[in-house]
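# An overview of the molecular structure
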Amino acid sequence: PDSMTISITVPKGLEDVSNGRLRAVTELPNRWTRYDWFVSVPINNYDVTINIGKFTHWHDVYNGITGDTLSLNYYTLPENVARAKEQFKDVKRMLEAFERYFGPYPFYRDGYKLIESPHNGMEHQTAVAYGNRYTMGYRGRASSPVGLKFDFIIVHESAHEWWGNSITSKDVADMWIHESFGAYAEALFVEYWYGRDQSLAYINGKKWNVRNDSPIIGTYNVQNEGSGDMYDKGQLVLNTLRSVIDNDSLWFTILRGMQKTYKYQTITADTIINYVNAKTGKDLAYFFDQYLRHTKVPELDLFVSQKGNKTTLRYRWNTEVQDFHMPIKVTTADNKLDWITPTKDWQTLPLGDMDPSHFKVADNLFYVNAKISTSYIDPNMESN
């Protein structure tokens, strides 16, 4: 819907906090109170929320990237106000980072709220639910040290204001559009505040959570979400896509461009794929097909052999997608990374006098399964 009025009646002494802006509080007979909220922009069907309780409310403002002022409203249980005022400082840090990478917060007109909830968290539009128990990371845990330097729920759930709430998948089969970009946003938050190296450590710390049990894209038209890998694997895939594009200026132009082009719209995986193809001037359908529609991580077969003082690399991709030809960086000389473009067929590359033990794949930039075999050949042996 293009807008929504939400009217909730509660016993006197309680209040309701919902999406959008509060229009009226009306005292009714027999000790009931009605709260009327109004959402002035489109809202997706699972983001409507009702929060009934006894809250302490305070507010702040954020001066945005465009010069506009965003209202920030916080609702917590009275006993948690002191902790919340410290923990919720991550809201402004989140907004600063995400406006830089994704463009302006999409809902200035309706504001931003963070509301304490009894569950872990949820991306309700302009009324984000918070239940991370005032801990860093996710309930006090993270897969890398830098993950304990921010509140996961504030960052991840708020990322959905851009990815999920402003841009929404047309079918839940494409929920990866929400969750993969939402998870990747966590890494960009880290990159903005702590640097690229820490961001890569954060991203690659997620590898152990990936199950590769089923495709990230689900089955269309039957209310079927894809694999839960849409979070951590999705984050790794988007980091890989950034590496393949190999142009950060273009990469962030693409992210901001999608937000501007598809604001308040429902889209599909093909919308994303076609947009990336158009902006990069490359046909990357094979990339999305392998990573999103198949379970297997691209396998890179590598055979490094040394005969005398000459080292040779043989390489190929082993994937379900037959025309998979993703370029990737490997060591082509000591302390030097360079591009190769494997295909399904074996290729050969001379590596000079490099020690085979020094050969590496840039697997912090690319999510692949690199199978490296090494061989040392007697230089006096004749070739067969």
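Further remarks concern the sheet that holds strand 17 (residues 347–350). Strand-to-strand pairing in sheets goes through backbone hydrogen bonds, with the strands running parallel or antiparallel. Taken in spatial order, the 4 strands make up an open sheet running 17-14-13-18, and their pairing is mixed. Edge strands, defined here as strands with exactly one partner in the open sheet, are strand 17 and strand 18 (369–377). The average undirected angle you get between the axes of adjacent strands in this sheet is 20°. Bridge analysis of strand 14 (residues 310–318) against strand 17 gives 4 bridges, and the strand direction is antiparallel. Considered in strand 17, the bridge of R314 is made with T348.

For helix 5 (residues 196–204), the set of buried residues is S199, L200, Y202, I203 and N204. Here the buried face of helix 5 lies against helix 3 (152–159), helix 4 (176–194) and helix 6 (232–245).

A separate point is the packing of aromatic side chains. This structure, assessed with the given rule, holds 32 aromatic pairs. Ring centres of F287 and F288 lie 5.5 Å apart, and the angle between their planes is 80°; this geometry places the pair in the edge-to-face category. F288 matches F287 in its accessibility class, with the two residues each being buried. Aromatic pair Y291 and F324: ring centres 6.4 Å apart, planes at 65°, arrangement edge-to-face. Residue Y291 is located in helix 9 (residues 285–293), and its partner F324 is located in the loop between strand 14 and strand 15 (328–333); the two are separated by 33 residues in the primary sequence. Residue classification places F324 among the buried residues on the basis of a relative accessible area of 1%. Clustering of aromatic rings is evident, with ring pairs tying together F98, F102, Y105, F107, Y108, Y112, W162, W163, W176, F181 and Y264. A cation over a ring is seen here: K85 above W58, with NZ or CZ 5.4 Å from the ring centre. The cationic tip of R314 hangs over the ring face of W346; the distance from NZ or CZ to the ring centre is 4.5 Å.

So, about the environment of F359. Tracing the backbone shows F359 in the loop between strand 17 and strand 18. What makes F359 buried here is its relative accessible area of 5%. For the pair F359 and Y262, spaced 97 residues apart in the sequence, the C-alpha separation amounts to 43 Å. In contact with F359, not counting residues within four places along its chain, are L302, V304, L313, V330, T331, L351, M354 and I372.

Of note, T240 is situated in helix 6. Sequence-distant contacts of T240, that is, excluding residues within four places in its chain, are made with F287, Y291, M326, L365, F366 and Y367.

A separate point is the sheet that holds strand 4 (residues 32–39). Across the sheet, 3 strands lie side by side as 1-4-3; this open sheet has antiparallel pairing. Of all strands in the sheet, those with a lone pairing partner are strand 1 (4–11) and strand 3 (21–28), marking the two edges. Recorded for the sheet is a direction-independent mean angle of 20° between the axes of neighbouring strands.

Our next topic: the pattern of salt bridges. Any two side chains of opposite charge can pair, so long as their charged atoms come close to each other. This structure, assessed with the given rule, holds 14 salt bridges. Two residues, D270 and R293, come together in a salt bridge whose shortest N-O distance is 3.6 Å. With a gap of 23 residues between them, D270 in helix 8 (residues 269–280) and R293 in helix 9 connect regions that are remote in the sequence. Here E299 makes a salt bridge to K371, at a shortest N to O gap of 3.9 Å. Of this pair, E299 sits in strand 13 (residues 299–307) while K371 is found in strand 18, placing the two residues 72 residues apart along the sequence. Given a relative accessible area of 12%, E299 falls into the buried group. For K371, a relative accessible area of 42% gives the class partly exposed. Taken together, the shared-partner salt bridges connect E191, R196, R242 and D248 into one network.

Attention shifts here to the packing of helix 2 (residues 90–102) against helix 3. Orientation of helix 2 relative to helix 3, taken along the N-to-C sense of each, is 40°, at an axis distance of 10 Å. With respect to helix 3, the element helix 2 is oriented oblique. The two elements helix 2 and helix 3 meet at a crossing, and its hand is right-handed. Packed against helix 2, whose contacting residues are D90, V91, M94 and F98, the element helix 3 presents I154, V155, S158 and A159 at the interface.

This part is about the environment of P379. Among the structural elements, P379 can be located in the segment after strand 18. In the structure, P379 is positioned 72 residues away from K307 in sequence and 5.2 Å away in space, judged by C-alpha atoms. Residues contacting P379, with those up to four places away along its chain left out, are K307 and G308.

A few words now on the pairing of strand 14. The side chains of a regular strand alternate between both faces of the sheet. Alternating positions in strand 14 separate cleanly, T311, L313, Y315 and W317 being buried on one face and K310, T312, R314, R316 and N318 remaining unburied on the opposite face. Across 9 bridges, the pairing between strand 13 and strand 14 is antiparallel. From the neighbouring strand, L302 faces strand 14, where its bridge partner is Y315. Once strand 13 ends, the chain turns through 2 residues before running back antiparallel as strand 14, passing G308 with a positive phi of about 65°.

Looking at where S180 falls in the secondary structure, it is placed in helix 4. When its relative accessible area of 1% is taken as the criterion, S180 is described as buried. Excluding residues that lie within four positions of it along the chain, S180 makes contacts with M230, G234, Q235 and L238.

Rules used throughout
Residues numbered from 1 in each chain as written. Predicted model: local features only at pLDDT ≥ 70, side-chain atom pairs only at ≥ 80, totals over all residues. Heavy atoms only, no water. Pairing = 2+ DSSP bridges. Helix = DSSP H or I, 4+ residues; strand = E, 2+ residues; numbered from the N terminus. Axes fitted to C-alpha atoms, helices over the stretch in contact; angles between N-to-C directions. Buried < 20%, exposed > 50% of the residue type's maximum accessible area, 1.4 Å probe, protein only. Contact = heavy atoms within 4.5 Å. Phe/Tyr/Trp six-rings, centres within 6.5 Å; stacked < 30°, edge-to-face > 60°. Lys NZ or Arg CZ within 6 Å of the ring centre and 35° of its normal. Salt bridge = Lys/Arg side-chain N within 4 Å of Asp/Glu carboxyl O. Parallel < 35°, antiparallel > 145°, perpendicular 65-115°, else oblique. Left-handed = near helix turned anticlockwise from the far one by under 90°.

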